[in-house]
Amino acid sequence: MSDSRSLLLVSLSLLAIYPAIAGIVPPVLDNGQRSASSLNPFDTSNYGKLQLDNGLARTPQMGWNSWNFLACNINETVIKETADALISTGLADLGYIYVNIDDCWSSLLRNSKGQLVPDPKTFPSGIKALADYIHGKGLKLGIYSDAGSFTCQVRPGSLYHENDDAELFAYWGVDYLKYDNCYNLGIKPQKRYPPMRDALNSTGRTIFYSICEWGEDDPALWAGKVGNSWRTTDDINDSWASMTTIADLNDKWASYAGPGGWNDPDMLEVGNGGMTYLEYRSHFSIWALMKAPLLIGCDIRNMTAETFEILSNKEVIAVNQDPLGVQGRKVSSAEETGCSQVWAGPLSGGRLVVNLWNRCSNSVTVGAKWEVLGLDTSTSVSVRDLWKHENMAEKVAGALESQVDPHDCKMYILTPTTSHSSI
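Residues numbered from 1 in each chain as written. Predicted model: local features only at pLDDT ≥ 70, side-chain atom pairs only at ≥ 80, totals over all residues. Heavy atoms only, no water.

Regarding the overall build of the chain
Defined as follows: Numbering of helices and strands runs from the N terminus; a helix is a DSSP stretch of H or I covering at least four residues, while a strand is a stretch of E covering at least two. Burial status follows relative accessibility: with a 1.4 Å probe on protein chains alone, a residue under 20% of its type maximum counts as buried, one over 50% as exposed, and anything between as partly exposed. It only takes one pair of heavy atoms within 4.5 Å for two residues to be counted as in contact. Computed with a 1.4 Å probe, the accessible areas rest on the Shrake-Rupley method; for each residue, only the protein chains presented here act as cover.
Looking only at helices and strands, one finds 12 helices and 17 strands in the chain. Counting only residues that meet the buried cut, the chain has 57% of its 423 residues in that class. Of the contacts made within the chain by residues no fewer than 6 positions apart, 72% connect residues no fewer than 24 positions apart. Total accessible area computed for the chain in this model is approximately 16,600 Å², and 50% of it derives from carbon and sulfur atoms.

The following block contains the structure:
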């Protein structure tokens, strides 16, 4: 059997034997929800077409956001220096192209025309001049507002100002809008978020629309036609407990992500100091496998070599940016403790990404059997270790197993080399 034929058969096997891994998106009903009962693992005709069709987010967004490290301590100099650092470190060349300003960029009041105004103390040159600077670097500028009367830090929100604010963002040259959920007057998000989508689309400028609804009203069920990404969880903080909890919450919605719209378990904490090197490596590995947005949240102007090593791993980034666009998910967990886990998902070219994650406080052996991964038991694979950047010397069949240190995550790509599938 030819190698290409083997890869094709294994790909079909993955879809047929383990649709949970494949993450095929069921059709959308009139109420915006997808029907699992009508799932056909071979019908991918609607895959990637159910999301907001503005041409963006064919793969998850990558960039930097100011909030996790700086909170409200932002100004135009810091934003420019960060853009410079994305270029000088080479991170921009790896795909980190969005430079996103979070809350606190605006004045406390709108002007006499009802327009948002940049804080004259921290952004004296204005947002348009800053956008011009960012664009001059070949990067894109993101900004923040809120689907409520105020932002979370009590600056003016955009509720009932959607058209005016969208026009202003477009005039400034904004490329990305993070749209938060504070002071929402108790109005359902399904009513508050579409108006800004329509307003952005009407400007004639293509602007990435990031819905930050915190996962409160199950946005995966309705946001696919509204935004390019949607938060599925509350805010992350820089701790192992927060990161692992959020990963589990985001996993629930794996089948609703795809090209054009992505589940968002919040920004990366890698490099902010609250976790160990191995914990940050796990954080990055799982976010990449889940096709989460890769938005750096640390000070890249002064990051450590270890932080850069994690954020710049081209092989892990390639998993996140794989054109197949299927969110990987947890496929097995140790029954007694739940701390020895296998996460996996299909990639283009008939390949499979597998993360062996040790959430225990002691070293354990983590194993993934072929039947759990949706592989025929007779299939042999070549194995690539994405953190060691090396191939295993021998082909593997039946199961993949490794000793994993506490809170570490080993990440592999499996490429089938033989298959005796009956399909």
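Quick notes on the pairing of strand β1 (residues 62-65)
For clarity, the cut-off: The criterion for strand pairing is that DSSP finds at least two bridges linking the strands in question.
A two-sided burial pattern is seen for β1, the buried positions comprising Met62 and Trp64 on one face and Gly63 and Asn65 on the other. Both β1 and strand β8 (residues 294-296) contribute to a ladder of 3 bridges, which runs parallel. Residue pairing for β8: Met62 is matched across the bridge by Leu294. Here β1 pairs with strand β2 (residues 98-100) via 3 bridges, running parallel. Counterpart to Trp64 in the pairing with β2 is Val99.

Comments concerning the sheet that holds β2
Definition in use: Only the contacting stretch of a helix is used when fitting its axis, a line to C-alpha atoms as for every element, and angles between N-to-C directions run 0 to 180 degrees.
Taken in spatial order, the 8 strands make up an open sheet running β7-β6-β5-β4-β3-β2-β1-β8, and their pairing is parallel. Each of the sheet's edge strands pairs with one partner strand only, and the pair in question is β7 (262-264) and β8. Shown here is a sheet whose adjacent strand axes are inclined to one another by a mean of 25 degrees, direction ignored. Relative to β7, strand β6 (residues 229-231) is paired through 3 bridges, and the arrangement is parallel. Bridging across to β7, Trp230 finds its partner in Asn263.

Here's the deal with unusual backbone geometry
Phi at Ala57 is positive, roughly 60 degrees, even though this residue is not glycine. You can see Ala57 is positioned in the loop between α2 (19-22) and β1. Since its relative accessible area comes to 9%, Ala57 is described here as buried. We note that Trp214 has phi near 70 degrees; this positive angle belongs to a residue other than glycine.

As for the pattern of salt bridges
Keep this limit in mind: Any carboxyl oxygen of Asp or Glu within 4 Å of a side-chain nitrogen of Lys or Arg constitutes a salt bridge here.
Considering all chains together, one arrives at 17 salt bridges under this definition. The residue Asp251 makes a salt bridge to Arg329 at a minimum N-O spacing of 3.9 Å. Here Asp251 is found in helix α8 (residues 240-251), whereas its partner Arg329 is found in strand β9 (residues 329-333), with 78 residues between them in sequence. Put simply, Glu81, Asp299 and Arg301 are held in one network by salt bridges that share partners.

Considerations on the nonpolar core
Where we set the bar: Buried Ala, Val, Leu, Ile, Met, Phe, Trp, Tyr and Cys residues form a nonpolar core when they are joined through side-chain atoms within 4.5 Å.
Tyr96, Trp105, Phe284, Trp287 and Leu311 are the most contacted members of the largest nonpolar core, which totals 86 residues. For this core, the leading source of residues is helix α9 (residues 277-289), giving 6 residues. If near-sequence neighbours (up to four positions away) are discounted, Leu311 is found in contact with Leu91, Tyr96, Leu268, Val270, Phe284, Ile296, Cys298, Met303 and Ile317. Membership of the second largest hydrophobic core comes to 21 residues, among which are Val331, Cys339, Leu352 and Tyr412.

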